[in-house]
Amino acid sequence: MKIIHRSTIKNVDGVIDIDICIVDDLKFKKYTYHLGSEYAARKFHTLYRKGHHGRALVILNKFKIKEENHAEKTS
């Protein structure tokens with residue numbers, strides 16, 4: 001498994017979006033992680049640059065913002 005970092009965007013509201021591709025054998029998938037912590041983004045980039053892709057992915061999963069279901073309830 002290998003991670004390819006595509007982009008990092010810091011939004012006005014403080015949320016940091018990190019786009020990556022995860023390459024496994026001959027297939028890859030694109031993911032976007034929304035982080036609420038600048039510390040987590042710096043930690044991800046440090047681990048990614050050192051080649052610790054598995055540990056960098058753990059940081060993204062640990063600090064990602066959980067998306068809530070905003071669907072309206074019908075009666």
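Thresholds applied
Residues numbered from 1 in each chain as written. Predicted model: local features only at pLDDT ≥ 70, side-chain atom pairs only at ≥ 80, totals over all residues. Heavy atoms only, no water. Helix = DSSP H or I, 4+ residues; strand = E, 2+ residues; numbered from the N terminus. Expected span 1.5 Å × (residues − 1). Buried < 20%, exposed > 50% of the residue type's maximum accessible area, 1.4 Å probe, protein only. Arc of directions from axis to C-beta. Pairing = 2+ DSSP bridges. Axes fitted to C-alpha atoms, helices over the stretch in contact; angles between N-to-C directions. Lys, Arg positive; Asp, Glu negative; His and termini not counted. Salt bridge = Lys/Arg side-chain N within 4 Å of Asp/Glu carboxyl O. Parallel < 35°, antiparallel > 145°, perpendicular 65-115°, else oblique. Left-handed = near helix turned anticlockwise from the far one by under 90°. Contact = heavy atoms within 4.5 Å. Nonpolar A, V, L, I, M, F, W, Y, C, P; charged D, E, K, R; others polar.

Before going further, it helps to examine helix H1 (residues 38-50). Taking 1.5 Å of rise per residue, the 13 residues of H1 would be expected to cover 18 Å, and the 19 Å separating its terminal C-alpha atoms lies within 8% of that figure. The set of residues buried in H1 consists of Ala 40, Ala 41, Phe 44, His 45 and Leu 47. Burial along H1 is one-sided: seen end-on, the buried residues are contained in an arc of 170°. Exposed side chains of H1 directed beyond 90 degrees from the buried face belong to Arg 49 and Lys 50.

Turning our eyes to something else, we now look at the sheet that holds strand E3 (residues 27-35). Pairing within the open sheet is antiparallel, and its three strands lie in the order E1-E2-E3. The two strands at the open ends of the sheet, each matched to only one other strand, are strand E1 (2-10) and E3. This sheet shows a mean twist of 15° between the axes of neighbouring strands, independent of strand direction. Bridge count for E1 against strand E2 (residues 16-24) is eight bridges, and the pairing is antiparallel.

Here the focus is the side chain of Asp 19. Structurally, Asp 19 is set in strand E2. Despite its burial, Asp 19 remains without a salt bridge, the nearest opposite charge being carried by Arg 6 at 5.3 Å.

All right, on to the packing of H1 against helix H2 (residues 53-63) then. Between two packed helices, both the angle of their axes relative to each other and the distance between the axes serve to describe the pair. Viewed as axis vectors pointing N to C, H1 and H2 meet at an angle of 165°, and their least axial separation amounts to 8 Å. Taken together, H1 and H2 sit at an angle that is classed as roughly antiparallel. Remark: the crossing between H1 and H2 carries left-handed chirality. Of the residues in H2, those in contact with Tyr 39, Ala 40, Lys 43, Phe 44, Leu 47 and Tyr 48 of H1 are His 53, Arg 55, Ala 56, Ile 59, Leu 60 and Phe 63. For the contact of H1 with H2, the residue count by class is nine nonpolar, one polar and two charged.

One can expect most non-glycine residues to show negative phi and most peptide bonds to be in trans. Residues other than glycine seldom take positive phi values, yet Asp 25 does so here, at roughly 60°. Residue position: Asp 25 is located in the loop between E2 and E3.

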